[in-house]
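# A look at the structure
For reference, the chains in residue letters:
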Amino acid sequence: MKALRNYIDKIKPNFEKGGKYEKLQSTFDAIETFLYVPKKVTFKGSHIRDSIDMKRTMSVVLIALMPALLFGMWNVGYQHSLSIGESNGIFDNFLFGAIKVIPLIAVSYITGLGIEFIFAQYRGHEVNEGFLVSGMLIPMIVPIDIPLWMLAVATAFAVIFGKEVFGGTGMNVFNPALIARAFIFFAYPAQITGDKIWIAGLTEGKGVIDGFSGATPLGNWGQNVVDNTSFIDMFLGFMPGSIGETSKLAILIGAGILIFTGIGSWRIMISTLLGAVFMTLIFNLFAANEYMKVDPLTHIVMGGFLFGAVFMATDPVSASQTNKGKYIYGFILGIFAIMIRVFNPAYPEGMMLAILLMNTFAPLIDYYIIEANINRRLKRVKKAVN
Amino acid sequence: MSKQIKLKKGLDIKLVGEAERTISTFDNTMEYALKPSDFNGFTPKLLIKEGDEVQVGSPVFYNKADERIVITSPVSGIIKTIVRGEKRVIEEIRISASANQQFIDFGKALPSQLSKEQISEKLLKSGIWALIRQRPYSIIANPSDNPKAIFISAFDTAPLAPDYDFIMHGKGELFQTGIDAIAKLTSGKVYLNLHPEMNTSKVFSYSKNVEINYFTGPHPAGNVGIQIHHLSPINKGDIVWYINPEDVVTIGKLFSEGKYDATKVIAICGSEVLHPKYAKVIGNCNISNLVKNNVKEGHLRYISGNPLTGSKIATNGYLGFYDHQITVIPEGDFHEFFGWALPGLDKFSFSRSYFSWLTPGKKYTIDTNYHGGERAYVITGEYEKVLPMDILPMQLIKAILAEDIDMMEKLGIYEVDEEDFALVEFVDTSKSEIQSIIRNGLDLIRKEMN
């Protein structure tokens, strides 16, 4: 270890201002701080600091994503096996999925981090760790057969127009990963909607058994077709869908990690769930068509709702920033997600649009919470005067 | 009627090296230094020159903005050196103490028989006035003001802070005399805030002429700023004074003995102190004698005050005017291989992102490393967890950064102080200098007001 440290210290001057490779300063810094926590010490204010930093925070989120990702990999293989009528072992299914998913992750990271490094250098900043999470989220919310170039274009769009034009990490209005998905959704709708795209190889149709539909429960309901997938299958994730979204159990494990470590906002998660339940119950009351009769629990385990509520709505930068605002933000988000699902057959999954919509309104919600705080202080003055 | 206020938000940082309850004494013939930087918003004008002889209570410098406020010598001896920094700013006035201490006689008196003006005059003349500070801004109180209240917190919840019940043992009478004096300075109340478990002795609970209230909860429950917020919040234009309980005793001594006695009991603590304990010293003393042969080897950080809000001083530096504690912790100037990725059983964190949550009662050795690089504000909801006030910390910080005076006022800048945001700075994932930001905000608004 000492040799590595010495080597880094030796080559470091080349990357500093005036050095041979000063244009790679941010890149060098990112690698150095990845390997070693910097030796910088406090000089005033608090002499001691919490051990947490952005790297730790983001790695906890990545760990929380792992159950959903690993299950997703297996499920890609499993769904493919189902479609061609074979029964493969757990390991074979997982291997099939991993081979399909890993290139997606690689493309997302290489494109996104590449752009981030360039912008960090250009701005003279350190590379921010935010994309470590976005870069993992993007492949998890797309269909498995998405062409790699399309994913690369969408990622580049998300990083440049979703994040960097706003000033980089911490300044963006929208969740960057969802910008990537929305980009694909509107630019290449064929690759992200329909019944056939959720299972590897189904669009191509090679070896697919007759009559196999591949439709997701959400897709069926969207066309007001009664879907009979069992609750337990949907909860555990034995159904087609975007890579990371299917297993609600895996997502809940992730949610547990986020809430326990204090990194994910339970306020947003809980209020989003409550919002969805509230809207579903209202629909149940009217029950004008079959879809409106679907109970709240089924809505929660279908599609990407839970994945969105746990991993995407909670993005601290694009969500409401005040604690009270988070309740409101989540609650309305939950309402919109279900409303879009039920009312708009063109968008079987309402979660993506609901989150993006609420990202727009988050600053407004915060504005009112801040005003309320200010008014409480003003009232106190009036009371003191009287 | 005394209230019991339960605070939930906050964080007790459990550090190794709490002072043991014994008091050691030292030879007081050493060097002392007054540091004008201890006083916020203070422009010093010297009244002495190098080589002058001073007695205990001799004026050394005064505030250019208010000539009534003088700082006096805590010891008798000779002005040895005046240390100047950049642009000839006075950094330290070093006084070498003589073996025989000569006290200026300010005259004994019963506070109850004196008027507000007479009390102020006595305090100002002896230099003891500087111990009374005001919120907002944490500057020395203006003798012409009539504060709406005076606050005394009888307990300190900061890491390794001294136990005031212990250091005040047997000083109940002097404390009461001090209270009687300061009570005359306000037409409002004197609030004495206690912690039901940390203040069990009678020193405080038998005090008269005060309103006693109780606070419970983690740090910063012991901060006067938090207590003021809950009992007598500061609106624009309000002024509240505050003073440390040990300094109330110094006031008491002025009236009952007629002299400025800067003797105080301080805690010498921190993970790098071999035998952490209390010490009876004279204020502003050089610390080298106090820590000699009592610290571990290695690269160390000496702090006058507690690790959250104290000031960095040299190995042979001096105790700050308002400080009651010397803390020694390790410097963290080393690279840690994959530090952010380790399980971190020995890494203290407010979050549960390191596995140190498995051992909740454990005491930690925390060094001065930032433990990460500075980043944009990304995480939300983190600051609110350690600030038990109805104030939106992130929004206030952003208003200060934007220098938006109007918004700062609306969001409650007058109620806060650096020390109230020390924990916010500690837990901050973005590693920004939040206490400095708050100070800048306060300075900015004070400039705007004058």
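Rules used throughout
Residues numbered from 1 in each chain as written. Chains lettered and ligands numbered in written order. Predicted model: local features only at pLDDT ≥ 70, side-chain atom pairs only at ≥ 80, totals over all residues. Heavy atoms only, no water. Contact = heavy atoms within 4.5 Å. Buried area = accessible area lost by both parts, 1.4 Å probe. Salt bridge = Lys/Arg side-chain N within 4 Å of Asp/Glu carboxyl O. Polar contact = N/O pair within 3.5 Å; in protein donor to acceptor, adjacent residues only side chain to side chain. Helix = DSSP H or I, 4+ residues; strand = E, 2+ residues; numbered from the N terminus. Nonpolar A, V, L, I, M, F, W, Y, C, P; charged D, E, K, R; others polar. Pairing = 2+ DSSP bridges. Buried < 20%, exposed > 50% of the residue type's maximum accessible area, 1.4 Å probe, protein only. Domains from an automatic or database assignment.

### Description of the interface of chain A and chain B
With 57 residues of chain A in contact, the opposing surface of chain B contributes 76 residues. Between chain A and chain B, the buried area comes to about 6100 Å², and carbon and sulfur atoms account for 55% of it. One can count seven salt bridges joining chain A with chain B. Put simply, chain A and chain B have 41 residue pairs in polar contact (both at pLDDT 80 or more) between them. Breaking the side of chain A that touches chain B down by element, the ones donating at least two residues are helix H1 (2-15), helix H2 (25-35), strand S1 (36-37), helix H3 (54-83), helix H10 (248-261), helix H14 (323-343) and helix H15 (351-385) of chain A. Of the residues forming the side of chain A that touches chain B, the biggest block, eight residues, is contributed by H15(A). Grouping the constituent residues of the side of chain A that touches chain B by class yields 23 nonpolar, 18 polar and 16 charged. Relative to strand S21 (residues 336-337) of chain B, S1(A) runs antiparallel, the two being bridged by two bridges. Across the sheet, the residue bridging to A:Val37 is B:Glu336, located in S21(B).

### Some words on the pattern of salt bridges
This structure, assessed with the given rule, holds 35 salt bridges over all chains. Among the salt bridges present, the one from A:Glu32 reaches A:Lys12, with a minimum N-O distance of 3.3 Å. With A:Glu32 in helix H2 and A:Lys12 in helix H1, the pair connects residues that are 20 residues apart, well separated along the chain. Looking at A:Glu32, the relative accessible area reads 6%, which means it is buried. In this structure, B:Glu31 engages B:Lys80 in a salt bridge whose closest nitrogen and oxygen atoms are separated by 2.4 Å. Here the residue B:Glu31 occupies a position in strand S3 (residues 31-34), and B:Lys80 occupies one in strand S8 (residues 77-84), the gap between them amounting to 49 residues. Take B:Glu31: its relative accessible area is 18%, and that puts it in the buried class. According to the relative accessible area criterion, B:Lys80 is partly exposed, its value standing at 46%.

### Re the pairing of strand S17 (residues 277-282) of chain B
With four bridges connecting them, strand S2 (residues 20-25) of chain B and S17(B) associate as parallel partners. Note that in S17(B) the partner of B:Ile23 across the bridge is B:Tyr278.

### Observations concerning the domain arrangement of chain B
All names here are of chain B. Per the domain assignment, the segments of chain B are domain 1 (105-259) and domain 2 (375-449). Each partner contributes residues to the interface: domain 1 has 16 residues there, and domain 2 has 16 residues. Both faces considered, domain 1 and domain 2 share a buried interface measuring about 1600 Å² in area, 56% of it formed by carbon and sulfur atoms. Taken as a group, Tyr-137, His-229 and Lys-236 account for 40% of the area that domain 1 buries against domain 2, more than any other trio of residues on that side. In this structure, the connection of domain 1 to domain 2 is made through four salt bridges. Among the salt bridges present, the one from Arg-135 reaches Glu-419, with a minimum N-O distance of 3.1 Å. Counting across the interface, domain 1 meets domain 2 through 10 residue pairs in polar contact (both at pLDDT 80 or more).

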